[in-house]
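Now for the letters of each chain:
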Amino acid sequence: MPRTRLAPGARPCPRRGPRASLSGSPALRTASSSGGQDNGSQSRDAPSGHHQQRPESAQKPQLLRDVPLTRIEGIRVGHVQRVALVPGKVHEMRTLSLKPLLFEIPGFLSEDECRVVKQLAQLKGLMESQLMVQDGQEDLAKELNLSPEEIFNLLDINQDGQLQLHEILTHSRVRDGIWLTPENLREIYAGLKVDKNDDGLLSLEEFRLLSSDAFQRFLLQRGVKRSQLVRNSRHTWLYQGKGTHQVLQDIKSRVTRLTRLPPTLVDLSEPLQVVRYEEGGHYHAHHDSGPVYPETACTHTRLVANTSAPFETSCRYITVLFYLNSVEGGGETAFPVADNRTYDEVSLIQNDVDLLDTRRHCDKSNLRVKPTRGTAVFWYNYLSDGRGWVGEQDEYALHGGCVVTKGVKWVANKWINIDPDYARQARYEQLVSQQPEEEEEEEEDEGLTLNTDIQSSDIHQDL
C-alpha cells in the first residue's frame, strides 16, 4: 500500500473502541484499524529482548532505555526553577501548566540573537507555510478500501445514525489545510445539494453524495482565501550543525542543556524553523505530533521503519518555541485545554464556540502566552511510558497561534524528535552514524547512550 503522510495530530485508526478518532473530512483522510494491537504493539512500548536478563559477564553498557529520558518536573503552576544555560547567567524557568507540562523562560535569547536569526531567515528566503488546496489528489477512502458505510460509522461518534456538524468538523481540519467553520460546511452542503431537508444533519444516504471528488471540486470552484487556511504564515528552515552560524549552534547547545537530553537526540532532530506571521496571520489549534500506532511510522525514522506502514506522522517529543520579537497586537500562543480536568475532543466544538478557531475564539483558551522578544516556552508533546521512554501523545498539548491584529510576529521552533518505538530510534541512530554492519547485531539495542557531560543538578535548581 502506498505510504501516506498525515498532518501532525492526525489519527489513522480508532483509538478507544466506540470513540473512533479519525482525521479527514467526509470520505477524506481515514484509515481502518488493523483489527488488533498484536502486530507492533510490543515494539512500541517494550522492544523484544529488553526484559531478558543476560549473564553478568555478557552485560552490555547501560542503555538510555534503562536510564530514563530526563523529564523536568513541573511541581505546580507558578513554580520557578533557576537554570544555568550560559556561562555567567542564571535564567528563571516558570511552570505555566501541568497538562501539558509547559514552561516559560524569559530572556532565553538575547536581542542580538533574535536579530541574527531573523536576518538569517530573510537571507535564506521564506516560503508559504500552507499551500492552497491541490487538484487531483487521490481519494484515500478508495485507496484504503473503506466503503461509505464504514466511513460514516467511524465518523458517527455518538452512533445515532446521523452526522452532526461538529462530528464532521472534528475530523476535517487537516484536510488540505483548509479550515472549515460550521457556516462553511453548511455552504458546501447547499452547494452540493446533499442536505435534502436542510437540517444540518447528514444521513447515510445524504453522506453518499458527499464524495471526496465533489468536495474537492467545490472548494476549487469556490476559491480559498488565505484566512481560511489552517496556517497563514511564511517560514524557512535553518540548519544548526557544524559550519553554520555560531548563534544557531549556541541555541542548539542551550536547548540541549535546558532539556537535559543527550546531544545525539538534539543533533538528529529537525533544523530550526523560523516563521513570520503578517497582520492577520494565525495558526489554528493543532498538535505538533500525532499518536503512533502499529500502522504508523515516525517521519524522522522512516528510513528504518516497516516499509508496509501506510502512514507517517511527526514524532516531536519536545517543542521549544522562541519569540523573536514582541508583537504589537495579538499573536499569543494559545493552549485551549491546558490544565482542563478532562479532555474530550468532541467538546472542543460546541454550539457556536470552536476552541480550535484561533481567529475567533482565542480569548476562550485556558492559557495564552504573550509573545515577548527573547522568551522561550517549551512543552512535552508526549507523556512518559512509565519506564523511561516516550509514552502516549499528550492531548492537552493542543495549541495554536492567535491572529496577529497589529504588526508582525516572528517565532522559531526547535523540535526534538524521538520515536516512541525505542528499537526503531536506536536503529535509526545506528544507520545515520554509519556503524559497521558486522557490529549491528552485537549492538542492536545500543544505539543510544547517555551523555554524562551534562549533570542535571548543575543546570536546574528549584527556587
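Residues numbered from 1 in each chain as written. Predicted model: local features only at pLDDT ≥ 70, side-chain atom pairs only at ≥ 80, totals over all residues. Heavy atoms only, no water.

Caption draft 1: Helix α9 (residues 246-259), seen in detail. The end-to-end C-alpha distance of α9 is 20 Å, a good match for the 20 Å that 14 residues give at a rise of 1.5 Å each. For α9, every residue scored as buried is listed here: V247, L248, I251, K252, R254, V255, T256, L258 and T259. Once α9 ends, the next one or two residues include R260, with phi positive near 60°. (Helix = DSSP H or I, 4+ residues; strand = E, 2+ residues; numbered from the N terminus. Expected span 1.5 Å × (residues − 1). Buried < 20%, exposed > 50% of the residue type's maximum accessible area, 1.4 Å probe, protein only.)

Caption draft 2: Summary view of the environment of R208. Tracing the sequence through the fold places R208 in helix α7 (residues 204-208). When the C-alpha positions of R208 and S147 are compared, they lie 9.7 Å apart, and in sequence the two are 61 residues distant. Those residues in contact with R208 that sit more than four places away from it in its chain are P148 and E149. (Contact = heavy atoms within 4.5 Å.)

Caption draft 3: Just the sheet that holds strand β21 (residues 399-401), in detail. The sheet built from 5 strands is open, its strands ordered β6-β9-β21-β14-β17 with antiparallel pairing. The sheet terminates laterally at β6 (231-232) and β17 (367-369), the two strands that pair on one side only. Direction of pairing for strand β9 (residues 282-286) relative to β21: antiparallel, over a ladder of 2 bridges. Note on β21: the bridge partner recorded for Y283 is G401. (Pairing = 2+ DSSP bridges.)

Caption draft 4: Region of interest: the confidence of the model for the chain. Of the residues in the chain, 65% have a pLDDT of 70 or more, and the chain-wide mean is 75. Considering only residues more than four positions removed or in separate chains, one finds that residues 131-144, a stretch of pLDDT under 50, has 34 contacts. (pLDDT = per-residue confidence, 0-100.)

Caption draft 5: Spatial organisation of the pattern of salt bridges. With the rule as written, the count across this model stands at 11 salt bridges. Where E111 meets R373, a salt bridge forms, and the shortest distance between an N and an O atom there is 3.7 Å. Note that E111 is positioned in helix α2 (residues 111-124) and R373 in the loop between β17 and β18 (376-380), a separation of 262 residues in sequence. R373 gets classed as partly exposed once you look at its relative accessible area, which sits at 42%. As a salt-bridge pair, E128 and R234 come within 2.9 Å of each other at their nearest N and O atoms. Residue E128 is found in strand β5 (residues 127-128), and its partner R234 is found in strand β7 (residues 234-238); the two are separated by 106 residues along the sequence. Taking the relative accessible area as the measure of exposure, E128 reaches 32% and is therefore partly exposed. Taking relative accessible area as the criterion, R234 reaches 31% and is therefore assigned partly exposed. (Salt bridge = Lys/Arg side-chain N within 4 Å of Asp/Glu carboxyl O.)

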